[in-house]
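Structure assessment
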Amino acid sequence: MSDYKLGLEYALEQDQNDELKSYRNQFHIPKDKYGNEWVYMTGNSLGLQPKQTKTYINQELEDWANLGVEGHTEGKTPWLPYHESLTESMAKVVGAKPIEVVVMNTLTANLHFMMVSFYKPTKSRYKILVESDIFPSDKYAVESQLRHHGFDDKEGLVLWKPRKNEKLLKYEDLEHILEDIGDEIALIMIGGVNYYTGQFFDLKRITKLGHNYGCKVGFDCAHGAGNVILNLHDSGADFAVWCTYKYLNSGPGSLAGCFVHERYANRNDLNRFTGWWSHNKETRFNMREEFDQLPGAEGWQLSNPPILSMGAIKASLDMFQKISIEKLFKKTKKLTGYFEFLINQLKEDTIHIITPKNPNERGCQLSIQVKNADKTLHNKLTEAGVISDWREPDVIRCAPVPLYNSFEDVYRLVENLKAILNE
Ligand SMILES: *Cc1c(COP(=O)(O)O)cnc(C)c1O
């Protein structure tokens, strides 16, 4: 895509021709104290609020006010099977079959519940392989699983690292680790899109490799869900988890998603933690039955879920259904490509994009390393109404989200960055 052009005019023209342009209006865009819309580049951290979210949540508040406990069966979307109303659309977003997907709990909690089932260490095979720049919560989670099973969390953690002076991971290096100690690794747990570099991994390739060596393979897709085409079913992964408050715009701390591959749908022999929501729906309320496992990912639920949060997820997923992740990703390639083009006009010796150049190996986020910069750069951007994310020591992460960010946003971001760097 070398037909990008400099100048505001070009950006405005692209926005005019954008087939998704109407969606920006369906979001609340935060404004500064003068009433100017922020350039919001942190949808990878907390997605903006769709205007229809309030309506969906109000519906549940009303059903609760008017129906009390009867809302479980008589509500507009009855609460007992409420999560089922999310399954199909969530499955589409992550490229899975409905039986493989459930919305429940929160992200790190789901990761633990998946490890209860898929991390089954033995004396000789107990290690967990992760990427070296793993998100801290995931690192703490896998370390605590190692300790929980009586292993040393340093010795048991295997890091897939970038080569010296590089940032991105190479599959050949993963292959070498597995050739060396594949039979000691019980679980491979990778961030599907790395939160720091924005590198989108080949989930199928990693899964195949891991399975060849007898490892279980799971992905944390917090930065992938709603951002890239995940094809979780085809990847063959054993499990995946993700949150809904980043690219899925479902509000701070909202419920998370969980994928368990179809081949486990009826496996009652797997170790797992259970609750009444893992039990057969037909007999759940008889209360005195022997435990009867629900098939599929739903069988990993424990509790009756918070409906208000699910209302927000429903509001967001209804929007994703109208557009499709494929259409969003098409705009991402164009919008993030434009972002990359503009950044590459700036001084090459001070500024460097660490995210992969190949548009199929990234989502909308670019991680930009700025030489000799510190957090003042980020603070100055914020003062100028550009909301970005700073990672010490010198990386700024910006994610133009195809649903609500414009080419003009990207233009203004880079203009501000240029002005600050030229000071
Ligand atoms: C955002 C994010 C988290 C956050 O975990 P919560 O349990 O939702 O607080 C964890 N892991 C990754 C990879 C993330 O991107």
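About the cut-offs
Residues numbered from 1 in each chain as written. Predicted model: local features only at pLDDT ≥ 70, side-chain atom pairs only at ≥ 80, totals over all residues. Heavy atoms only, no water. Helix = DSSP H or I, 4+ residues; strand = E, 2+ residues; numbered from the N terminus. Rg over C-alpha atoms; globule rule 2.2 N^0.38 Å. Buried < 20%, exposed > 50% of the residue type's maximum accessible area, 1.4 Å probe, protein only. Contact = heavy atoms within 4.5 Å. Areas by Shrake-Rupley, 256 points an atom, 1.4 Å probe, with all protein chains shown as cover. Lys, Arg positive; Asp, Glu negative; His and termini not counted. Charge placed at Lys NZ, Arg CZ, Asp CG, Glu CD. Core = buried A, V, L, I, M, F, W, Y, C linked by side-chain atoms within 4.5 Å. Domains from an automatic or database assignment. Salt bridge = Lys/Arg side-chain N within 4 Å of Asp/Glu carboxyl O. Axes fitted to C-alpha atoms, helices over the stretch in contact; angles between N-to-C directions. Parallel < 35°, antiparallel > 145°, perpendicular 65-115°, else oblique. Left-handed = near helix turned anticlockwise from the far one by under 90°. Nonpolar A, V, L, I, M, F, W, Y, C, P; charged D, E, K, R; others polar. Disulfide = S-S within 2.5 Å. Pairing = 2+ DSSP bridges. Buried area = accessible area lost by both parts, 1.4 Å probe.

**Topic: the overall build of the protein chain**
- When you go through the protein chain residue by residue, the secondary structure sums to 13 helices and 13 strands.
- Its C-alpha radius of gyration of 22 Å places the protein chain within 12% of the 22 Å reference for a compact globule of 423 residues.
- In terms of principal-axis extent, the alpha carbons of the protein chain reach across some 70 × 60 × 35 Å.
- The buried share of the protein chain, reckoned over its 423 residues, is 54%.
- For the protein chain, long-range pairs separated by at least 24 residues make up 70% of all intrachain contacts whose partners lie at least 6 apart in sequence.
- Of the accessible surface of the protein chain, which amounts to about 18,900 Å², a share of 49% is contributed by carbon and sulfur atoms.
- Put simply, the protein chain has 50 plus and 57 minus side-chain charges, and the middle of one group is 2 Å from the middle of the other.

**Comments concerning the nonpolar core**
- Counting residues in each nonpolar core, the largest one holds 64 residues, and the members touching the most others are Trp160, Ile206, Trp242 and Leu403.
- Here this core gathers at least three residues from each of two domains, domain 1 (8-50 + 324-421) and domain 2 (81-322).

**Let's talk about the pattern of salt bridges**
- If you walk through the whole model with that rule in mind, you get 20 salt bridges.
- A salt bridge links Lys139 to Glu143; its shortest N-O distance comes to 3.1 Å. One end of the pair, Lys139, and the other, Glu143, are both in helix α6 (residues 136-148), 4 residues apart, so they sit about a helical turn from each other.
- For Lys139, a relative accessible area of 30% translates into the label partly exposed.
- Note on Glu143: relative accessible area 14%, which makes it buried.
- Close ionic contact of Lys281 with Glu298 constitutes a salt bridge, the shortest N to O distance being 3.0 Å. You can see Lys281 sitting in the loop between β8 (256-260) and α10 (307-323) and its partner Glu298 sitting in the loop between β8 and α10, a full 17 residues away along the chain.

**A word on the packing of helix α11 (residues 325-343) against helix α13 (residues 407-421)**
- It is the contact of α11 with α13, at a shortest axis distance of 10 Å, that shows an interaxial angle of 20 degrees. In terms of orientation, α11 lies roughly parallel with respect to α13. In the crossing of α11 with α13, the sense of the turn from one axis to the other is right-handed. Residue-level contacts link Lys334, Leu335, Tyr338, Phe339, Leu342 and Ile343 of α11 to Phe407, Val410, Tyr411, Leu413, Val414 and Leu417 of α13.
- Of the residues assigned to the contact of α11 with α13, the class counts are 11 nonpolar, no polar and 1 charged.

**Points about the state of the cysteines**
- A full pass over the atoms with the stated rule returns 0 disulfides.
- You can see Cys221 has no disulfide; the closest cysteine sulfur is in Cys243, sitting 10 Å from it.

**Quick word on the pairing of strand β10 (residues 366-370)**
- Burial of β10 is extensive: 5 of the 5 residues sit out of reach of the surface.
- Neither face of β10 is left uncovered, since the one carrying Leu366, Ile368 and Val370 and the one carrying Ser367 and Gln369 both have all their residues buried.
- For strand β9 (residues 351-353) and β10, the ladder comprises 3 bridges, and the chain directions are antiparallel. Counted as the bridge partner of His352 is Gln369 from β10.

**Regarding the domain arrangement of the protein chain**
- Taken domain by domain, the protein chain comprises domain 1 (8-50 + 324-421) and domain 2 (81-322).
- Using C-alpha coordinates to define each centre, domain 1 is positioned 28 Å away from domain 2.
- Roughly 2,500 Å² of surface becomes buried between domain 1 and domain 2 when both sides are summed, with 62% attributable to carbon and sulfur atoms.
- Where domain 1 meets domain 2, there are 0 salt bridges.

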